[in-house]
Amino acid sequence: MKKKICVLGLGYIGLPTSAMFANNGHEVIGVDVNEAVVNSLNEGKIIIEEPYLDALVYEVVNLGKLKAKTTPEEADVFIIAVPTPINEDKTAMMDYVEAATRSIVPYLKKNDMVILESTSPPGTVEKLMMPILDESDLNPYEDLYVAHSPERVIPGKILIELVENNRIVGGINEVSSKKVKKLYESFVKGEIFLTDPTTAEMCKLMENTFRDVNIALANELALICEELGINAWDVRTFSNKHPRVDIHMPGPGVGGHCLAVDPWFIVEKFPQTAKIIRLARETNDAMPAHVFSKSKKILGQLAGKKITILGITYKPDIDDLRESPILELIELLEEVKDIKLSLFDPFVKDFKYLSTDIKEACTDSDLIILGVNHKVFEEIDFNEIKPLVSERRILDTRNFFDADKIDALGFEYHLLGKGTV
Ligand code: SAJ
C-alpha cells in the first residue's frame, strides 16, 4: 500500500533509500538540514558519487515522487538515516539522531512508523529514541510502530545491495517488526529477519567489527612476516586453501565511515569486556605509521625526497576519502623536513598535491607508493615512468602489481607484508 515516507538525512544511505521507496510506489519527502543538498535534489541533481544513483534520482524527482525540504512534515513513516560520526574520545556522536528524533515529534500521529537506519550503539532505540518519542502526545509503545533496521550496503554497489541484501528489522514489539518488514518488502528481494532493536543494533556493529578484527589479524600477520623475512600474501593464499580459513587482506589501514568507526560503539559501552575489538582497532589504526616507517627504511631517510602516492581513497574504484588511511600517511609524510609529495588518483577531483597526470606525479620521484588498488592502475605503463623517476622504487601496500614485471624493468619492488626491509 502506498505510504507517505519522510526520510531524515539525504546522505549516502538516506538518498538512495528515498529514491528506492519513491521508485517503488511511495511518496517520499527527503529532509536535510543542508540547504545546498535540498536545492540540488529538487533540481534532480545529487552531490554524492554512486553508480546509477544520479539517473534514478533524476527520474523520481521529475515524476514528482521525491521532494526535498529542510524540515519534516506529517507522514505515515519516518526513517532516520542521519550520520552517527565518532567523537575525539571515540564515543558515538548521537546529536544528529537525537535532533532528528526530536524534529519529528510534532508531526507524529497514531499508527505512524518510526525507523532508525543509522548505525548506532546498542540501546539507542530503547534508551535514546523511545524517551524522546514519549514526549509526544502518544504512547510510543502502543501508538507507534518503532524499529531499527540498519543499512548494510557497500559504497559503490548501494543500489544493488539495497535490493539484494538480507535485512534485519528489530521492532520494539512483534507488530512493529512485521509492519516495518512489509514496508521494506516494497523493494527488498533479500530475506528480512525479525528481532528486537538492541539485537539489530548489535548485529550491524558486529558485522563491521567481524571484518575489522579479521583485517587486524591479516595486518598482524603482515608485520610478523616482515620480521620473519617471508611473504604474508603467500601465507594468506596457502592458508586460505583450507576449507574453514579466510584470512583477510593486509593493507595500509582500514578506512571508510563504517569499519574504522563502528567497533568503537561497542568498546564505548563495554570498555572492560571488548578487549579484542579495541586491540583490532588499534592494530589497524597503526598501519599508516607502519607504511611511513617502511618507506623511511626503504629510502634510508625521507628528508629532501620526493614521494608519489598512487590512490588516496579509502578503498578502490570509489571517490570516497572518509577516514582513508592514506590521508593519515600523507599527514605523517608532511611532517618530514623538505619532503616533496605528489598524488595521483583519477577518482579524486580536488586535493592538495594532486596531479591529473601520472607521469607528472612520478617525475623526479624517489619512491612510488601504491596506496589504493584502483582497477585502472592495471594499465600503468612503468616503461614510460621509468625514465622520469629519480629512483626506481615502488612500495606496494596492496599486493597489486606484478612483482616480476616490475623487477624486470629495473625497479626495486617492496611489498607490505614481505620481509625485505
Ligand atoms: N580492507 C582491508 N582488507 C580487507 C578488506 C578491506 O584492508 O581484506 C579495508 C579497505 O581497504 C577499506 C576498509 O577495509 O579501507 C573498509 O572497506 P570494506 O570494503 O570492508 O567496507 P566498507 O566500509 O566500504 O563497507 C562496510 C560493509 N560491511 C561489511 O562488509 C561487513 C558494508 O556492507 C556496510 O554496509 C558498510 O560497512 C556500512 O555502512 O556499515
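Because the structure is a prediction, the values reported are computed rather than measured. (Residues numbered from 1 in each chain as written. Predicted model: local features only at pLDDT ≥ 70, side-chain atom pairs only at ≥ 80, totals over all residues. Heavy atoms only, no water.)

### Let's talk about the overall build of the protein
Definition in use: Where helices and strands are cited, they refer to DSSP runs of H or I of at least four residues and of E of at least two residues respectively, numbered from the N terminus. The globule rule is 2.2 Å times the number of residues to the power 0.38, and the radius of gyration it is compared with is taken over C-alpha atoms. Burial classes follow relative accessibility: with a 1.4 Å probe on protein chains only, a residue under 20% of its type's maximum area counts as buried, one over 50% as exposed, and anything between as partly exposed. Throughout, a residue-residue contact means that at least one pair of heavy atoms, one from each residue, lies within 4.5 Å. Charged-residue counts in this description rest on Lys and Arg as positive and Asp and Glu as negative, His and the chain ends being excluded. Just so you know, the charge point we use is NZ for Lys, CZ for Arg, CG for Asp and CD for Glu.
Looking only at helices and strands, the protein features 17 helices and 14 strands. Its C-alpha atoms give the protein a radius of gyration of 24 Å, near enough to 22 Å, the size a compact globule of 421 residues would have. Counting every position in the protein, which comprises 421 residues, the buried fraction comes to 52%. Within the protein, contacts between residues separated by at least 24 positions form 71% of all contacts whose residues are at least 6 apart in sequence. Measuring between centres, the 48 positive side-chain charges of the protein sit 3 Å from its 67 negative side-chain charges.

### Topic: the site of the ligand
This is how it is decided: Nearness of a residue to a molecule or strand requires only that one of the residue's heavy atoms be within 4 Å of it. N or O atoms within 3.5 Å of each other form a polar contact, as long as, within protein, one can give a hydrogen and the other can take it, and as long as residues adjacent in sequence are counted only when both atoms are side-chain atoms. Accessible areas in this description were obtained via Shrake-Rupley with a 1.4 Å probe; residue shielding takes into account the shown protein chains only. As a working rule, the residues Ala, Val, Leu, Ile, Met, Phe, Trp, Tyr, Cys and Pro are called nonpolar, Asp, Glu, Lys and Arg charged, and the rest polar, with Gly in that last group.
Inspection of the region around the ligand gives 20 residues, with Glu 151, Arg 152, Lys 204, Arg 211 and Tyr 314 positioned closest. A distance of 2.8 Å separates a nitrogen atom of the ligand from a polar backbone atom of Met 249. Within the complex, 89% of the 770 Å² of free accessible area of the ligand lies under protein. For the shell around the ligand, the element with the most residues is helix H9 (residues 197–228), which contributes 5 residues. Within the shell around the ligand, the residues separate by chemical class into 9 nonpolar, 3 polar and 8 charged.

### Looking at the pairing of strand E2 (residues 27–31)
The line we're drawing: DSSP-based pairing: two strands are paired if at least 2 bridges between them are found. With its strands directed away from the observer, a crossover is right-handed exactly when the path from the first strand over the helix to the second travels clockwise.
Of all 5 residues in E2, 4 are buried, a share of seventy percent or more. Bridge count between strand E1 (residues 4–8) and E2: 5 bridges; the pairing is parallel. In the sheet register, Val 7 faces E2, and the bridge partner there is Gly 30. In this fold, E1 hands off to helix H1 (residues 14–23), which returns the chain to E2; that crossover is right-handed. One ladder, built from 4 bridges, connects E2 with strand E3 (residues 66–69); its direction is parallel. Following the sheet pairing, Gly 30 is matched in E3 by Ala 68.

### Let's talk about the sheet that holds strand E5 (residues 113–116)
Consider a sheet: its strands pair through backbone hydrogen bonds, and that pairing is either parallel or antiparallel. Basically, it comes down to this: Simply put, an axis is a line fit to the C-alpha atoms, just over the touching stretch for a helix, and the angle between two N-to-C directions goes from 0 to 180 degrees.
Strand order in the open sheet formed by 8 strands is E3-E2-E1-E4-E5-E6-E7-E8, with mixed pairing between adjacent strands. In this open sheet, the two edge strands, each paired with only one partner strand, are E3 and strand E8 (192–195). Across the sheet, the axes of successive neighbouring strands diverge by a mean angle of 25 degrees, strand direction being ignored. Running over the sheet, helix H5 (residues 124–133) touches strand E4 (77–80), E5 and strand E6 (145–148) and is turned about 140 degrees from E5.

### Quick notes on the sheet that holds strand E13 (residues 393–396)
Ordered in space as E11-E10-E9-E12-E13-E14, the 6 strands form an open sheet in which the pairing is parallel. Across the chains shown, the open sheet's two edge strands, defined by having one partner strand only, are strand E11 (354–355) and strand E14 (412–415). The pairing of strand E9 (residues 306–310) with strand E10 (residues 340–344) spans 5 bridges and is classified as parallel. Looking at E10, one finds that Ile 309 is bridged to Leu 343.

### Focus: the pattern of salt bridges
Side-chain pairs of opposite charge can arise where the charged atoms are in close proximity. Keep this limit in mind: The rule for a salt bridge is simple: a side-chain nitrogen of Lys or Arg has to be within 4 Å of a carboxyl oxygen of Asp or Glu.
Taken as a whole and judged by the stated rule, the model has 23 salt bridges. Here Lys 4 makes a salt bridge to Glu 73, at a shortest N to O gap of 2.6 Å. Pair noted here: Lys 4 is in strand E1 and Glu 73 is in the loop between E3 and E4, with a separation of 69 residues, a long-range link. Classification of Glu 73 as partly exposed rests on a relative accessible area of 22%. For Arg 167, the salt bridge goes to Glu 117, with nearest N and O atoms at 3.1 Å.

### Things to note about H5
Rules: For this quantity, the arc is that covered by the directions from the helix axis to the C-beta atoms.
Every buried residue of H5 is listed here: Thr 124, Val 125, Met 129, Met 130, Ile 132 and Leu 133. One side of H5 holds all its buried residues, which, seen down the axis, span an arc of 160 degrees. Tucked into the core, H5 has its buried residues touching E4, helix H4 (95–104), E5, helix H6 (140–143), E6 and H9.

### Structural notes on the packing of aromatic side chains
As a reminder, the rule being used: Pairs were defined over the aromatic rings of Phe, Tyr and Trp, the Trp ring being its six-membered one, requiring ring centres within 6.5 Å. Orientation was assigned from the angle between planes: stacked under 30 degrees, edge-to-face over 60, tilted for the rest.
Taken as a whole, this structure holds 7 aromatic pairs when the rule is applied. Taking 5.3 Å as the distance between ring centres and 65 degrees as the angle between the ring planes, the aromatic pair formed by Phe 400 and Phe 401 counts as edge-to-face. Among the aromatic side chains, those forming a connected cluster through ring pairs are Phe 382, Phe 400, Phe 401 and Phe 411.

### Here's the deal with the nonpolar core
We count it as follows: We call a set of buried Ala, Val, Leu, Ile, Met, Phe, Trp, Tyr and Cys residues a nonpolar core when their side-chain atoms join them within 4.5 Å.
Grouped together as the largest cluster of nonpolar side chains are 40 residues, with contacts concentrated most on Ile 5, Phe 21, Leu 41, Ile 79 and Tyr 184. The residues contacting Leu 41, other than those within four sequence positions of it, are Leu 10, Leu 15, Ile 46, Val 57, Val 61, Leu 66 and Ala 68. Counting 32 residues, the second-largest nonpolar core is a separate cluster that includes Cys 6, Val 82, Leu 138 and Leu 205.

### Observations regarding the environment of Ala 216
By the element assignment, Ala 216 lies in helix H9. Since its relative accessible area comes to 5%, Ala 216 is described here as buried. For the pair Ala 216 and Ile 230, spaced 14 residues apart in sequence, the C-alpha to C-alpha distance is 18 Å. Filtering out sequence-adjacent residues up to four positions away, Ala 216 remains in contact with Ala 280, Thr 283 and Asn 284.

### Let's talk about helix H3 (residues 53–62)
Among the residues of H3, Leu 53, Leu 56, Val 57, Val 60 and Val 61 are the ones counted as buried. Seen from one end, H3 has its buried residues packed into an arc of 125 degrees, which puts them on one side. Residues of H3 that are buried in the fold lie against H1, helix H2 (35–42), E3 and helix H7 (158–164). Following H3 by one or two positions, Gly 64 has its phi on the positive side, about 75 degrees.

### What about the side chain of Thr 17?
Relative to the assigned elements, Thr 17 resides in helix H1. Classification of Thr 17 by relative accessible area gives buried; the value is 1%. A polar contact of 2.7 Å, which involves the side chain of Thr 17, links it to the backbone oxygen of Ile 13. In contact with Thr 17, not counting residues within four places along its chain, are Glu 117 and Leu 162.

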